[in-house]
Amino acid sequence: MQRAPDAVNALPLGGAVLAVDIGGTWTRVCWAGPTGLREVRREPTPGPAGESIVDVVVRLGHEVLASGVPAPALIGVSATGPVDIVSGRLFAPPNAPGLSDVSLGEELAARLGLPVRVDRDTNAALLAESAVGAATDAPNAVYMTISTGVGGAVLLNGRLLRGADGVAGEIGHIVVVPGGPVCGCGRRGCLEAVASGSGLGLAGTELAQRDPGGHLGRRLADCAARGVGTLRGVDVAEAARAGDASALALLSRASAAVVSAVVDLVNVFNPEVVVLGGAITFANPEWAPMAEAAVRAQGLRPASKRAEVRLAHLGGSAELIGAALLAWD
């Protein structure tokens with residue numbers, strides 16, 4: 001289950017941090033210290049034609065600092081990946097095209113006058129869940145978030161798995177349905193294309209266009225009346241709860257893909273814990289016990305007998321807590 005942000009009031013930090021989380025949908029900035037998070041500010045993450053993400057973070061940062069919080073010594077940034085953790089540069093996030101090739105670390109340090117550490121949001125979330133969340137007892141853990149996109153991170157023997165270029169852990173781009181829907185990365189049938197909020201929304205939109213009189217079709221018409229051209233994952237989930245057969249089929253395909261991926265991850269990484277987070281997961285919490293049952297039945301021994309599958313504890317606070325932890329790492 002998720003914890004409320006204000007319930008996390010003891011963080012292993014050496015001092016105050018300006019914590020930043022840049023996601024595909026929202027950008028958030030807050031003050032973080034040993035007593036927890038304070039003064040959270042947020043705005044929509046800008047698109048390619050919008051305001052610079054650096055300007056957004058700087059403006060929100062000044063708002064937080066102007067609230068009277070103790071002065072931070074560092075800035076920690078959690079950003080939708082992939083990320084160059086050495087330079088703090090963003091590459092080309094599939095779900096946030098407005099963030100491509102941004103020298104985030106360098107520009108924020110120059111504008112705000114503090115040292116900056118940037119890492120991928122899933123790495124930050126796993127560090128948070130490991131420190132004060134669902135994986136505190138697990139030096140070997142895998143984190144999967146299913147939200148706007150699907151992301152992941154891996155902790156092996158207490159250390160983040162980074163790979164040759166620092167971008168290891170892109171779980172969302174494992175192909176689970178060969179020849180399936182096109183993913184933002186350009187391949188077909190990735191877990192992200194099948195199970196994420198954006199993937200479910202696109203698939204639901206296609207079905208709605210074929211059957212405008214059906215439940216999804218009527219939802220799409222409502223969206224169009226508000227100036228929105230596509231359904232969201234939440235629209236598909238709500239249609240499924242109303243008994244719409246097409247929406248139920250999409251969620252069934254998504255859950256099967258997630259469950260299969262969890263079994264694969266347990267076989268490959270032999271973790272004590274797999275943590276599932278993100279808005280789509282929390283809307284379908286039964287996916288966690290389904291995945292654990294599949295691990296027991298289908299996974300390789302002995303890894304399949306050890307691994308537990310748990311829902312993330314920190315909810316939307318994970319990336320901000322992780323950003324603060326990264327700054328002091």
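Residues numbered from 1 in each chain as written. Predicted model: local features only at pLDDT ≥ 70, side-chain atom pairs only at ≥ 80, totals over all residues. Heavy atoms only, no water.

**What to know about the layout of surface pockets**
Piece 1. Of the voids in this model, the largest pocket is the one considered here, and its volume is about 1200 Å³.
Piece 2. Along the walls of the largest pocket sit 50 residues, with Gly24, Thr25, Ser147, Thr148 and Gly149 positioned nearest its centre.
Piece 3. For the lining of the largest pocket, the secondary structure elements donating two or more residues are strand S2 (26–33), helix H3 (121–132), strand S8 (141–146), strand S9 (150–156), helix H5 (197–210), helix H7 (233–241) and helix H9 (279–283).
Piece 4. Among the residues making up the lining of the largest pocket, the classes are represented as 17 nonpolar, 24 polar and nine charged. (1 Å grid on protein atoms, 1.4 Å probe; cavity = no way out; pocket = protein on both sides within 12 Å on 5 of 7 lines; lining within 4 Å. Points joined across faces, edges and corners; volume = space filled by probe spheres on them. Helix = DSSP H or I, 4+ residues; strand = E, 2+ residues; numbered from the N terminus. Nonpolar A, V, L, I, M, F, W, Y, C, P; charged D, E, K, R; others polar.)

**So, the sheet that holds strand S3 (residues 36–44)**
Piece 1. Across the sheet, five strands lie side by side as S3-S2-S1-S4-S7; this open sheet has mixed pairing. A single partner strand is all that each edge strand has here, and the edge strands are S3 and strand S7 (116–120). Strand-to-strand twist across the sheet, computed as the mean angle between neighbouring axes with direction ignored, equals 15°.
Piece 2. Inspection of the sheet shows S2 paired to S3 by seven bridges, in the antiparallel sense. (Pairing = 2+ DSSP bridges. Axes fitted to C-alpha atoms, helices over the stretch in contact; angles between N-to-C directions.)

**Remarks on the sheet that holds strand S12 (residues 308–311)**
Piece 1. Spatially, S10-S9-S8-S11-S12 is the arrangement adopted by the five strands of the open sheet, whose pairing is mixed. Every interior strand has two partners, whereas the edge strands, strand S10 (159–160) and S12, have only one.
Piece 2. Here two bridges tie S9 to S10, and the two strands are oriented antiparallel to one another. Across the sheet, residue Leu156 finds its bridge partner in S10, namely Arg159.
Piece 3. Here helix H8 (residues 245–269) sits on the sheet in contact with S8, S9, strand S11 (273–277) and S12, set at roughly 160° to S8.
Piece 4. Each of S8, S11 and S12 touches helix H10 (residues 287–298); the most contacted strand, S12, lies at about 175° to it. (Contact = heavy atoms within 4.5 Å.)

**Things to note about unusual backbone geometry**
Piece 1. A cis amide bond, omega 5°, links Arg301 with the succeeding residue Pro302.
Piece 2. Following the sequence through the fold, Pro302 ends up in the loop between H10 and helix H11 (303–306).
Piece 3. Residue Asn157 is not a glycine yet carries a positive backbone phi of 50°.
Piece 4. As for its position among the elements, Asn157 is in the loop between S9 and S10.
Piece 5. Although it is not a glycine, Asn270 adopts a positive phi angle of roughly 50°.

**Considerations on the pairing of S11**
Piece 1. Among the five residues of S11, five are classified as buried, and the element is accordingly described as predominantly covered.
Piece 2. Here S11 shows two buried faces, one formed by Val273, Val275 and Gly277 and the other by Val274 and Leu276.
Piece 3. For S11 and S12, the ladder comprises four bridges, and the chain directions are parallel. Looking across to S12, one finds that Val273 is bridged to Glu308. (Buried < 20%, exposed > 50% of the residue type's maximum accessible area, 1.4 Å probe, protein only.)

**With respect to the packing of helix H1 (residues 53–65) against helix H2 (residues 104–112)**
Two packed helices can be described by the angle between their axes and the distance between those axes.
Piece 1. Two numbers describe how H1 lies on H2: the axes approach to 10 Å, and their chain directions differ by 40°. Our classification of the angle between H1 and H2 gives oblique. Regarding H1 and H2, the two cross each other, and that crossing is right-handed. For the pair H1 and H2, the contacting residues are Ile53, Val54, Asp55, Val57, Val58 and His62 in the first and Leu104, Glu107, Leu108, Arg111 and Leu112 in the second.
Piece 2. When the residues that make up the contact of H1 with H2 are grouped by side-chain class, the tally is seven nonpolar, one polar and three charged. (Parallel < 35°, antiparallel > 145°, perpendicular 65-115°, else oblique. Left-handed = near helix turned anticlockwise from the far one by under 90°.)

**Regarding the pattern of salt bridges**
Piece 1. Taken as a whole, this structure holds 15 salt bridges when the rule is applied.
Piece 2. The partner of Arg28 in a salt bridge is Glu319, with the nearest N and O atoms 3.7 Å apart. With Arg28 in strand S2 and Glu319 in helix H12 (residues 318–328), this pair connects stretches of sequence that are 291 residues apart.
Piece 3. Its relative accessible area of 15% is what places Arg28 among the buried residues.
Piece 4. By sharing partners, the salt bridges in this structure join Arg219, Arg232, Asp235 and Glu238 into a single network. (Salt bridge = Lys/Arg side-chain N within 4 Å of Asp/Glu carboxyl O.)

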